[in-house]
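Fold and geometry: a report
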Amino acid sequence: MSADMRELKIEAARAALDQVEDGMRLGIGTGSTAEEFVRVLAERVAGGLTVIGVPTSERTAALCLELGVPLTTLDETPELDLTIDGADEIGPQLGLIKGGGGALLREKIVAAASRRMIVIADKSKLVETLGRFPLPIEVNSFGLGATVRTIERTARALGLEGALKVRERDGRPFVTDGGHLIVDASFGRIPDPRALANALNAIPGVVEHGLFLDLADTAFVAGDGEVRTFGAA
Ligand SMILES: O=C[C@H](O)[C@H](O)[C@H](O)COP(=O)(O)O
């Protein structure tokens, strides 16, 4: 990642940090942008800010522990004040694609348990139509072949074509923190994300998908010397 790109992520992270108040229960996202948030948050915690966070992945949990951000779980703290997370794409009405890092299931559970969700990103994540980024779909490994076929058929019925690929890492299937697999769906354009989300939700082998609709309240997007606010300020 270029230094400039990292700087944009830090700017967006700082804008989100301004929304964090003492005593808040936070959902803490996953990915390179969310990690910049953890770093600026940790500095504030070292300076005396009292917060507690629920991490959305083992990776985020490890970074929080390393930097001294206090953690809890959704079992101990089932209601959160604010979740701050990155995104792979930010589309109209703050519809998102997430899951490029494979954390979409925990991210969605944590976002849904939060009163407010803020998305932080650099401007490359803004799109007019979701779908250029391959949509991550988390599936149970049982019945993988059948589930992939059903996803394919379902997508085709909605007019969506494109390769479905089981995600790999180092030549082996990528396994999520929840022990599932990811199918990346290269649809190119998803003109009706809600229809696709509903259809995917109805497939038994699909555990969750990376379409985050009606979850994000605000996005802070850095680029061209400013941080733009989308949604509720
Ligand atoms: O599973 C990963 C998450 O959804 C990330 O928030 C998303 O992939 C964006 O990551 P990054 O900030 O590294 O672009």
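Naming follows an unreviewed UniProt entry, where the chain appears as Ribose-5-phosphate isomerase A of Nitratireductor aquibiodomus. Quoted verbatim from the Function (unreviewed entry) field of UniProt, the annotation for the chain is "Catalyzes the reversible conversion of ribose-5-phosphate to ribulose 5-phosphate." In UniProt, the chain has this text filed under Subunit (unreviewed entry): "Homodimer."

A word on unusual backbone geometry
Even without glycine at this site, Asp214 takes up a positive phi of about 60 degrees. According to the C-beta neighbour criterion, Asp214 is exposed, with 12 such atoms within 10 Å. We note that Asp224 has phi near 55 degrees; this positive angle belongs to a residue other than glycine. Relative to the helices and strands, Asp224 is located in the loop between β14 (218-223) and β15 (226-231). You can call Asp224 exposed: it has 9 C-beta atoms within 10 Å.

Observations concerning the sheet that holds β15
In space, the six strands of this open sheet follow the order β2-β1-β3-β6-β14-β15, with mixed pairing throughout. One side of each edge strand has no neighbouring strand; the edge strands of this open sheet are β2 (52-55) and β15. Neighbour-to-neighbour, the strand axes of the sheet open up by a mean angle of 20 degrees, direction not taken into account. Lying on the sheet, helix α1 (residues 3-17) is in contact with β3 (80-85), β6 (114-122), β14 and β15; it crosses β6 at an angle near 155 degrees. Sitting on the sheet, helix α4 (residues 104-112) touches β1 (25-28), β2, β3 and β6, and the angle it makes with β3 is about 145 degrees.

Quick look at the domain arrangement of the chain
Domain assignment breaks the chain into domain 1 (3-127 + 213-225) and domain 2 (135-207). For domain 1 and domain 2, the distance between their C-alpha centroids amounts to 25 Å. Facing 12 residues of domain 1, the contacting portion of domain 2 comprises 12 residues. Per-element accounting of the side of domain 1 that touches domain 2 gives the leading share, three residues, to α4.

Criteria and thresholds
- Residues numbered from 1 in each chain as written.
- Predicted model: local features only at pLDDT ≥ 70, side-chain atom pairs only at ≥ 80, totals over all residues.
- UniProt positions renumbered as here; feature names shortened; annotations may be inferred.
- Buried ≥ 20, exposed ≤ 12 C-beta atoms within 10 Å, placed from the backbone.
- Helix = DSSP H or I, 4+ residues; strand = E, 2+ residues; numbered from the N terminus.
- Pairing = 2+ DSSP bridges.
- Axes fitted to C-alpha atoms, helices over the stretch in contact; angles between N-to-C directions.
- Contact = placed C-beta atoms within 7 Å.
- Domains from an automatic or database assignment.

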